[in-house]
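# Structural features, examined
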Amino acid sequence: MFKPVQVIDLEIGTPLSAVAALDGYDRLQALVRLWGRPLGALSLHPLGGHCAPADVWRAIITHHSPALLRQLVRSALAGPVSDRFNLTAARHRRSGSAAARPPVTVAVCTRDRTAGLARCLSSLAALDYPALDLLVVDNAPTNDATAQLLMRRFPNVRYVCEPRPGLDWARNRAIAEAHGDIIAFTDDDAVADSQWVSALAEVFASTPEVMAVTGLVVPYQLDTEAQLLFERYGGFGRGCARRWFVPASGSRRPLERRYRGAGMFGTGANMAFRRVLFDRIGGFEPALDVGTVTNGGGDLEMFFRVLKEGHTLVYEPAAIVRHQHRREYRQLRAQMRDHGIGLYAYFARSALAYREERAGFLWLGLWWLWWWSGLRLLRSLLNPAAFPRDLIVIELWGSLLGALRYRRARRIAADIARQHGQALPPRPPAARVNAHARSLPTAMRVVELSEPLPEWTDLAGHERVRAVVTWHGAPVGSVELANGGRPVRALQLGDVIADELYDRLLEVPTSSTDLGASRARALLALTPPAASSPAAPPALPAQLPAEESVSIVIATRDRPDDLRQCLETLIARVVPRSVEIVVVDNHPGSGLTPPVVAEFAGVVLVNEPRQGLARARNAGIASCSGDIVVSIDDDVRVPEGWLEKLLAPFVRRDVMIVTGNVLPLELETAAQRLFELYGGLGRGFQRLEADGDWFRRFSWRAVPTWLLGATANAAFRASLFSDPAVGLLDEALGAGTPTGCSEDTYLFYKALRAEHTIVYEPAAYVWHKHRRELRSLWRQIYNYSKGHVAYHLTTLLRDHDLRALVRLTLELPWAYLCRLRQALRCRNRDLLLLTAPELLGHLAGPFALWRSRRQVAREQRELVPATAPAADSAPFNGQRAPLPQLTGTELHPPLPQADKVRHELRIASP
């Protein structure tokens with residue numbers, strides 16, 4: 001037996017009280033709100049006619065903790081810098097823009113429904129908004145009841161009669177009569193929340209690029225079975241998270257597939273537009289929606305057209321209206337049929353208007369028939385109690401009718417226009433064609449959370465933005481958002497940071513008790529706590545003592561411009577610590593490197609004619625005098641404070657290697673973006689510590705030393721290279737040799753096997769300039785793949801580690817199958833461009849390792865015997881043990897005499 005459901009709002013920003021007077025109700029359905037913003041729906045069964053506050057709070061924490069935490073962080077980000085992460089202060093403020101509120105016209109289109117209209121206008125009269133213009137458009141009325149209602153009860157509401165029948169004729173009349181810069185539409189059977197217009201206007205005011213905003217629609221009541229069934233079928237609600245829909249600017253290519261299902265954006269009962277939008281894309285399509293033979297689809301068609309013509313649409317759930325659902329079952333059946341007709345009429349109209357979208361709408365129409373109607377019908381056959389089958393069948397029948405009715409509706413609309421001495425509104429102008437829209441670059445930015453959120457207006461020509469989020473210089477994570485060549489505003493940026501990084505931000509160490517160690521601490525911010533001090537910068541880790549000497553090794557090969565920029569940023573940002581900088585020229589014959597080094601006083605130049613990155617770095621290590629040896633690539637740029645963060649873990653004597661994060665300097669070309677999609681050089685923003693126990697934890701899988709970073713940004717205790725169990729870099733591996741790479745991962749492997757500790761410190765990040773050309777990227781991936789296989793073969797053959805077989809025979813083939821599966825499911829298809837060079841590299845790995853070993857052995861025979869080492873490759877300094885002398889059967893040959901050129905001064909603190 002059906003029992004009604006009580007629908008209420010539940011504000012949790014104030015102390016909760018018991019929800020009483022629930023006798024006769026089956027359950028309670030609450031819209032949970034925090035400081036006015038919705039977090040989600042909560043369903044509770046009352047006990048004894050009421051719900052206790054403790055039960056309500058427990059259910060909220062169980063079901064809505066992530067949404068609650070996101071909102072706490074979002075509100076904190078919107079606050080002043082002095083209390084940016086003070087959640088106690090955040091509870092007293094609303095997130096949003098302080099920009100001037102634009103004038104708004106609220107239009108209600110109605111036809112002979114005065115009872116519902118009176119309820120709607122009463123709610124609009126209570127709106128909390130200063131610059132408000134209320135307008136009622138009476139669409140082809142059969143009597144003057146609506147006009148009389150406004151005259152008697154709502155004299156401040158403007159009245160306009162639109163004789164042409166059809167909801168979209170009425171909407172277009174509202175556009176023509178509107179006084180406000182923003183036009184908001186709601187239905188005559190809806191009740192507006194007191195903050196509805198304020199929430200809509202806040203988005204428009206803070207983001208000038210937004211042209212359309214939709215909002216949350218929740219049920220006004222659930223007193224009948226038909227109303228409850230409509231909500232179970234999907235209702236009008238589209239969730240409680242703000243979403244931004246930004247198409248590529250100026251592109252006439254087909255939109256993303258998901259954008260064609262325009263019902264995801266909202267509904268006509270709660271939508272708003274800038275008035276200037278209709279001058280650019282035209283008004284509503286009069287052949288669609290209520291009052292025509294299509295019975296719907298006008299709102300969906302407008303949402304799609306907004307995006308198709310290159311404008312931004314935002315779904316803002318804080319803009320809430322409550323909709324009076326159909327009370328009778330026969331009304332619900334008619335509504336379900338009309339939904340099917342209107343949806344497929346919208347498909348037909350959009351496919352006719354945009355030729356490039358026809359294949360997409362055809363696919364979507366067939367898919368919707370199967371996924372939405374067909375599968376539901378099959379489920380109803382298996383489980384008749386799941387949902388009334390007749391509602392599914394009648395919507396399916398309406399879908400089949402809808403595609404055929406649009407042309408008929410268009411003819412009827414043209415006849416109506418002629419009867420009134422007018423023509424149909426013209427179709428929207430064609431958008432500018434941009435054949436290269438899909439290859440637009442991605443912009444790189446940094447967001448420092450101890451400062452106000454920025455607004456980036458210089459993003460023309462960039463389709464996406466990747467932002468590295470830092471807190472007092474330490475990276476917390478990165479976010480990526482689509483901007484379609486448009487500016488990115490603080491509201492949008494705050495949303496994506498709160499949605500994707502709220503967990504990390506709640507772990508940011510501060511001196512405030514409001515934010516820090518756990519989720520529970522953040523949740524407790526909802527209860528009135530004692531006053532707390534503003535958040536302070538995190539305490540810096542203990543620094544390496546100044547008496548510890550540091551050498552920085554940069555291996556380079558004929559890249560003078562990159563080397564110059566690297567040295568410029570390095571010298572400018574390593575002070576006040578005194579360091580030695582050693583540049584190793586891996587191709588002295590070209591003569592390109594010495595002039596660059598000569599520009600920087602105190603930099604040491606070492607010539608290493610034997611090709612290979614491992615050889616160059618070994619030569620640099622042998623020439624260093626520091627207790628700590630830092631290795632970076634010549635195409636990186638270092639930020640402020642990088643060196644001290646990289647050195648800090650060495651205060652622990654067990655730490656022998658520290659690696660840092662490597663972030664992309666730019667993502668301007670397809671090759672650079674594809675490399676980041678492939679995985680890039682970064683290893684994330686979580687600190688990782690690996691030691692002998694971590695090494696042994698992988699009982700059957702290969703030890704993933706490639707997750708520990710790379711020598712593009714790493715530091716080592718110099719004594720590590722004197723450990724007979726570790727030694728120098730394996731010169732048979734790495735760039736410049738047949739194997740291509742993996743000299744660093746094998747060094748990490750040996751260090752862990754020797755029970756040393758490696759720390760990956762993401763706060764010590766550098767910017768890396770990825771390869772700009774696809775050909776260079778393919779060659780890079782090919783070399784990476786060869787080196788990866790060569791590394792595992794080395795651990796198998798030299799260290800007798802059978803776990804390498806699992807990696808080579810099981811994990812790598814499975815990775816290819818997963819990538820193919822993703823591509824078939826339309827995910828990451830671009831990665832297939834790298835599959836061929838990667839697969840070829842894996843197949844070539846064994847032969848490459850054999851060639852490289854032969855080359856090393858041949859060079860060893862040509863070198864000075866190991867018993868007579870060169871003077872420059874002897875001790876590092878008076879306090880360090882000499883380098884191990886390795887014979888011809890060892891991995892590392894003795895280093896040749898290094899040709900060193902020292903300039904007049906070392907880099908020292910001023």
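Residues numbered from 1 in each chain as written. Predicted model: local features only at pLDDT ≥ 70, side-chain atom pairs only at ≥ 80, totals over all residues. Heavy atoms only, no water.

Attention shifts here to the nonpolar core. V104, V106, L121, L124 and W196 are the most contacted members of the largest nonpolar core, which has 49 residues in total. The biggest single contributor to this core is helix α6 (residues 196-206), with seven residues. Those residues in contact with L124 that sit more than four places away from it in its chain are V106, V108, L132, L134, A192 and W196. Membership of the second largest hydrophobic core comes to 45 residues, among which are I183, F245, V306 and L307. (Core = buried A, V, L, I, M, F, W, Y, C linked by side-chain atoms within 4.5 Å. Buried < 20%, exposed > 50% of the residue type's maximum accessible area, 1.4 Å probe, protein only. Helix = DSSP H or I, 4+ residues; strand = E, 2+ residues; numbered from the N terminus. Contact = heavy atoms within 4.5 Å.)

A word on the packing of helix α11 (residues 329-353) against helix α12 (residues 358-382). At their nearest, the axes of α11 and α12 sit 9 Å apart, and the two run at 165° to each other. Judged on the interaxial angle alone, α12 and α11 are roughly antiparallel. Viewed along their axes, α11 and α12 form a crossing whose handedness is left-handed. For the pair formed by α11 and α12, the contact residues are L343, Y344, Y346, F347, S350, A351 and L352 on the first element and R358, F361, L364, G365, W368 and L369 on the second. (Axes fitted to C-alpha atoms, helices over the stretch in contact; angles between N-to-C directions. Parallel < 35°, antiparallel > 145°, perpendicular 65-115°, else oblique. Left-handed = near helix turned anticlockwise from the far one by under 90°.)

Below, the discussion takes up the pattern of salt bridges. A full pass over the atoms with the stated rule returns 60 salt bridges. The shortest N-O distance in the salt bridge between D55 and R58 comes to 3.0 Å. Residue D55 and its partner R58 are both found in helix α1 (residues 53-77); the two are separated by three residues, about one turn of the helix. A salt bridge links R445 to D458, with the nearest nitrogen and oxygen atoms 3.3 Å apart. Placement of the pair is R445 in strand β13 (residues 442-448) and D458 in the loop between β13 and β14 (464-471), with a sequence separation of 13 residues. Taken together, the salt bridges that share partners define one network made up of R37, R74, R242, E316, D495 and D499. (Salt bridge = Lys/Arg side-chain N within 4 Å of Asp/Glu carboxyl O.)

Next up on the list: the sheet that holds strand β15 (residues 474-482). By way of backbone hydrogen bonds, the strands of a sheet pair with one another, either parallel or antiparallel. Judged by pairing direction, the sheet is mixed, and its three strands sit side by side in the order β13-β14-β15 without closing on themselves. Edge positions in the sheet fall to β13 and β15, since each of these pairs with one other strand and no more. Strand-to-strand, the axes of this sheet are offset by a mean angle of 20°, without reference to chain direction. Bridge count for β14 against β15 is eight bridges, and the pairing is antiparallel. (Pairing = 2+ DSSP bridges.)

Across the chain, the bulk of peptide bonds are trans and the bulk of non-glycine residues have phi less than zero. The phi angle at N295 is positive, at roughly 65°, despite the residue not being glycine. Relative to the assigned elements, N295 resides in the loop between α9 (275-281) and α10 (298-308). The backbone of E755 sits at a positive phi, close to 70°, despite the residue not being glycine. Considering the arrangement of structural elements, one finds E755 in the loop between α22 (743-753) and β24 (757-768). A residue is classified by how much of its surface remains accessible, and E755, at 46% relative accessible area, is partly exposed.

Structural remark: α-helix, 3.6 residues per turn; residues separated by three or four positions point the same way. Of all eleven residues making up helix α18 (residues 613-623), ten are buried, and the element is well covered by its neighbours. Residues A614, R615, A616, R617, N618, A619, G620, I621, A622 and S623 constitute the buried set of α18.

Tracing the backbone shows T110 in strand β4 (residues 104-110). Here the side chain of T110 touches D188 through a polar contact of 2.7 Å, side chain to side chain. In this view, T110 contacts L117, V136, V137, D138, N139, T146 and D188; residues no more than four positions away in its chain are not counted. (Polar contact = N/O pair within 3.5 Å; in protein donor to acceptor, adjacent residues only side chain to side chain.)

The next subject is the sheet that holds strand β2 (residues 27-34). A sheet is described by the order of its strands in space; here three strands give the open sequence β1-β2-β3, paired in mixed fashion. A single partner strand is all that each edge strand has here, and the edge strands are β1 (5-11) and β3 (37-44). Taking each pair of neighbouring strands and ignoring which way they run, the sheet shows an average axis angle of 20°. In terms of strand pairing, β1 meets β2 through seven bridges, oriented parallel. Note on β2: the bridge partner recorded for Q6 is L28.

Here the structure, examined in full by the defined rule, presents 34 aromatic pairs. Ring plane angle 80° and centroid distance 5.6 Å describe the contact between Y233 and W372, whose orientation is recorded as edge-to-face. Taken together, the positions of Y233 in the loop between α7 (225-232) and β10 (243-245) and W372 in helix α12 put the pair 139 residues apart, joining distant regions of the chain. Pair check on accessibility: Y233 and W372 agree, each one buried. Following the ring pairs from residue to residue traces out a cluster consisting of Y233, W363, W367, W368, W371, W372 and F387. The cationic tip of R376 hangs over the ring face of Y233; the distance from NZ or CZ to the ring centre is 4.4 Å. A cation over a ring is seen here: R376 above W372, with NZ or CZ 3.8 Å from the ring centre. (Phe/Tyr/Trp six-rings, centres within 6.5 Å; stacked < 30°, edge-to-face > 60°. Lys NZ or Arg CZ within 6 Å of the ring centre and 35° of its normal.)

In short, shape yes, function no, at least from these values alone.
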